[in-house]
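The residues making up each chain are set out below.
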Amino acid sequence: VYSLYCMYNFCQSESLGQGSFTRIFKGSKIDIRDGERHVTDVLLKELDANHKNCWESFFEAASLMSQISHKHLLLVYGINVMVQEFIKCGALDLFLKREGSVSVSWKLDVAKQLASALNFLEEKNITHGNICAKNLLLAREGDASQGSSPFIKLSDPGINLAMLGRDVLLDRIPWVAPEVLEAPERLELECDKWSFGATLWELFNGGQAPLQGLDLERKLQFYETYKQLPSSEWTELADLISQCMNYQPAFRPSCRSIIRQLNSLITSDYVILHAAEPLPD
Ligand SMILES: N#Cc1ccc(Nc2nc(N)cc(-n3cnc(CCO)c3)n2)cc1
């Protein structure tokens with residue numbers, strides 16, 4: 001395998017000028033092979049903003065060049081780099097593990113933001129297919145004492161579920177909805193509701209992965225015997241999670257119902273009793 005792990009980093013400062021539609025930068029490609037770092041100088045060619053409309057031909061040319069090789073032809077290392085906005089605090093699961101205790105209202109705020117992102121996707125009839133705390137990025141940590149609240153962004157779903165091998169799907173239990181295991185090519189909106197339930201569970205369990213440590217056989221049995229995740233002592237929350245994780249897709253709540261139930265959770269006295277930050281005196 002040529003390069004197991006390849007990270008591009010390029011410094012905007014080393015702009016080498018302009019092509020006709022492109023800007024070019026000097027960068028370095030870092031490969032780690034047999035535990036050694038190999039740094040290769042690269043040139044990064046970026047389609048400039050006002051020519052985004054011809055990116056197909058830009059990529060076509062690049063992919064053509066990357067498929068052939070000749071000593072007098074330029075080597076194109078790759079074009080499959082997704083460039084995302086860098087989100088300040090990274091993935092939510094790691095944040096929750098690092099942070100330990102965040103307040104119940106902080107968690108409900110994050111849950112509501114995810115629910116509104118799902119509501120938006122539902123209105124567009126778009127199924128995400130990979131809702132989990134790992135794919136929630138924390139743009140703003142939020143600080144109760146400063147009165148600022150957290151702000152999350154849902155990451156891309158990654159490779160389509162239908163393209164993944166069965167073991168990968170099994171390993172995604174309990175985030176992947178049971179019906180998806182049998183027909184991963186027929187993704188319906190309801191499967192995001194199931195994953196929302198599993199993500200709520202992560203959110204209220206310090207970011208730990210549900211069913212962690214179970215092997216694939218036991219994970220499959222969990223579905224085959226219609227099991228539910230260990231429920232929270234907060235019964236209204238446990239109810240919402242089990243409604244979302246209903247084995248009958250049609251019985252799962254709509255996004256509007258999820259948002260309504262989250263709003264009533266926010267007003268419940270459980271929040272006051274379990275505020276992680278000291279109560280205002
Ligand atoms: N310490 C630290 C730290 C790490 C990362 C970021 N920022 C950032 N920005 C993004 N656009 C995507 C991600 N990201 C993280 N894990 C995944 C894979 C699962 O989705 C994606 N992280 C900020 C701080």
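See the structure above.
Structure report, in brief. (Residues numbered from 1 in each chain as written. Predicted model: local features only at pLDDT ≥ 70, side-chain atom pairs only at ≥ 80, totals over all residues. Heavy atoms only, no water.)

1. Section: the overall build of the chain
Secondary structure summary: the chain contains 10 helices and five strands in total. Its C-alpha atoms give the chain principal-axis dimensions of about 70 × 50 × 40 Å. Looking at the chain residue by residue over its 281 residues, the buried ones come to 37%. Considering only intrachain contacts with a sequence separation of at least 6, the fraction spanning at least 24 residues in the chain is 60%. With an accessible surface of roughly 16900 Å², the chain has 55% of that area assigned to carbon and sulfur atoms. Counting 27 positive and 36 negative side-chain charges, the chain places the averaged centre of each group 4 Å from the other. (Helix = DSSP H or I, 4+ residues; strand = E, 2+ residues; numbered from the N terminus. Buried < 20%, exposed > 50% of the residue type's maximum accessible area, 1.4 Å probe, protein only. Contact = heavy atoms within 4.5 Å. Areas by Shrake-Rupley, 256 points an atom, 1.4 Å probe, with all protein chains shown as cover. Lys, Arg positive; Asp, Glu negative; His and termini not counted. Charge placed at Lys NZ, Arg CZ, Asp CG, Glu CD.)

2. Examining the site of the ligand
Lining the immediate surroundings of the ligand are Q84, E85, F86, I87, K88, C89, G90, K134, N135 and L137. In the model, an oxygen atom of the ligand is placed 3.3 Å from a nitrogen or oxygen of the K134 main chain. For the ligand, the protein covers 60% of the area, taking 530 Å² as the surface of the free molecule. A per-class count over the shell around the ligand returns four nonpolar, three polar and three charged. (Near = heavy atom within 4 Å. Polar contact = N/O pair within 3.5 Å; in protein donor to acceptor, adjacent residues only side chain to side chain. Nonpolar A, V, L, I, M, F, W, Y, C, P; charged D, E, K, R; others polar.)

3. Looking at unusual backbone geometry
Put simply, I173 and P174 share a cis peptide bond, and its omega is 15°. Tracing the backbone through its elements, the reader meets P174 in the loop between α4 (166-171) and α5 (178-182). Within the chain, D34 stands out as a residue other than glycine whose phi angle is a positive 40°. Among the structural elements, D34 can be located in the loop between β2 (22-33) and β3 (36-47). The exposure class of D34 is exposed, given its relative accessible area of 71%.

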